Every structure is written in structure tokens, then in C-alpha cells.
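Residue-level listing of the chains:
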Amino acid sequence: MDPYREYQDYAVASRLLLALGLSREILPLAQYARLRLRRLALVREGRYAALEGLDERLRYGFWSNPLRLRDFLKRAGNAPYLASPGAFEVLLFSEERARLRYPGQAGEYYLGWLRLPALLQDPLAFEEVLREQEARLEALPLFLNAFHRVPGP
């Protein structure tokens, strides 16, 4: 996966968790990259037990792992951000929303993942949702401000 897309997914998940009071941090890109490299080293060393806390901090698999999503949905309750794509995009800065191809694009993509837990017993529907998410990902631009900052003088 593209590391920039991975960080964008991380940042959006972190903003959501922060807004819901379920987390207290959003790592800047450089710190995220260092921890991601640490994770790769742990995998290469076969130290899988050490991954759990790191995976939680990196939000690794947050959007694509139906079991993690199921646990998140239990904790999130009736969070207003999950009500619609537009409500979800309140988590984005106005400049970020302006980079989307249409209003609600990011919300459609991220909320689309929340369908996975209910489909664990229906492999055909699960695969269809994954195909839909792939198509949404291809159309979703890199919108985070972290990727669009112009260096100062």
C-alpha cells in the first residue's frame, strides 16, 4: 500500500478516535513513519507479541479489519460522525474538504468500511464491499494538509 495513503487512513482514524474521546494522540507523519519502520523490524524479527500495542498506536488495520471495526463500533455508540458522509467530514479541515472531488467523498470511503463487521458471515457480500472500497480508494485523492504544505521562506 502507498505509505501516504496509509498515513492518511491513520490520521483520519486518529481524528475520529480523538473526537470520540477514545484516543489522545495523532502522530505527525515523521513519527508515524519511524514507528511504522519499527513495526516492520519487529515482523522481520518474528516478534509478533510486541506488535499489539504498536498496532493499536498505529491504527494498523483500523479500517480494514472487521473485528477491530466491530470493537470500535461498540465503543463509538451513536457517534454523530458516523451518521452520514457529510457528518463524517466535519473531522476534516476546510482545505482538505476542498481537495475532494465532491462533498462526502472521504466520508463515503471511510464509512464504507463500517459495513464489514455485519458481513462476516456472508463472504460474497463481504467481497463485494471490498471491491467497492477499492474503487473508492482509487478515486480518493490525497487530501491531508500534511501532504500539501508549501515550505516556508
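Our subject is the structure that appears above.
Residues numbered from 1 in each chain as written. Predicted model: local features only at pLDDT ≥ 70, side-chain atom pairs only at ≥ 80, totals over all residues. Heavy atoms only, no water.

Draft legend 1. Broad picture of the pattern of salt bridges. One pass over the structure, following the stated rule, counts eight salt bridges. Two residues, Arg 15 and Glu 96, come together in a salt bridge whose shortest N-O distance is 2.6 Å. Remark: Glu 96 occurs in helix H6 (residues 94-98) and Arg 15 occurs in helix H1 (residues 3-19); sequence separation between them is 81 residues. Judged by its relative accessible area of 0%, Glu 96 falls in the buried class. With its nearest N and O atoms 2.7 Å apart, the salt bridge here joins Glu 25 to Arg 57. In this pair, Glu 25 is assigned in the loop between H1 and helix H2 (29-44) and Arg 57 in helix H3 (residues 51-58), connecting sequence segments 32 residues apart. Given the relative accessible area of 31%, Arg 57 is considered partly exposed. (Salt bridge = Lys/Arg side-chain N within 4 Å of Asp/Glu carboxyl O. Helix = DSSP H or I, 4+ residues; strand = E, 2+ residues; numbered from the N terminus. Buried < 20%, exposed > 50% of the residue type's maximum accessible area, 1.4 Å probe, protein only.)

Draft legend 2. Seen up close, the nonpolar core. Membership of the largest hydrophobic core comes to 39 residues, with the highest contact counts inside it found for Leu 16, Trp 63, Phe 72, Leu 82, Phe 88, Tyr 110 and Phe 143. Elements with a contribution of two residues or more to this core: H1, H2, H3, helix H4 (66-76), helix H7 (105-113) and helix H8 (123-139). If you tally residues by element for this core, the top one is H1, at seven residues. Among all residues touching Tyr 110, those that are not within four sequence positions of it are Gln 8, Asp 9, Val 12, Trp 63, Phe 88, Leu 140 and Phe 143. (Core = buried A, V, L, I, M, F, W, Y, C linked by side-chain atoms within 4.5 Å. Contact = heavy atoms within 4.5 Å.)

Draft legend 3. Main features of the packing of aromatic side chains. For the structure shown, the criterion picks out twelve aromatic pairs. Ring centres 5.2 Å apart and planes at 65° place the aromatic pair Phe 62 and Phe 72 in the edge-to-face group. Residue Phe 62 is located in the loop between H3 and H4, and its partner Phe 72 is located in helix H4; the two are separated by ten residues in the primary sequence. Phe 72 shares its class with Phe 62; the two are buried. Look at Trp 63 and Phe 88: their rings are 6.2 Å apart centre to centre, the planes differ by 70°, and that puts the pair in the edge-to-face class. Of the two residues, Trp 63 is situated in the loop between H3 and H4 and Phe 88 in helix H5 (residues 85-88); the sequence distance between them amounts to 25 residues. When sorted by exposure, Trp 63 lands in the same class as Phe 88, which is buried. (Phe/Tyr/Trp six-rings, centres within 6.5 Å; stacked < 30°, edge-to-face > 60°.)

Draft legend 4. Examining unusual backbone geometry more closely. Phi at Arg 59 is positive, roughly 60°, even though this residue is not glycine. Mapped onto the fold, Arg 59 is located in the loop between H3 and H4. Classification of Arg 59 by relative accessible area gives buried; the value is 11%.

Draft legend 5. Looking closely at the environment of Arg 5. Mapped onto the secondary structure, Arg 5 falls in helix H1. On the basis of relative accessibility, which here comes to 17%, the residue Arg 5 falls in the buried class. Once the C-alpha coordinates of Arg 5 and Ser 84 are considered, the two residues, 79 residues apart in sequence, prove to be 22 Å apart. Sequence-distant contacts of Arg 5, defined by excluding residues within four places in its chain, comprise Leu 137, Leu 140, Pro 141 and Leu 142.

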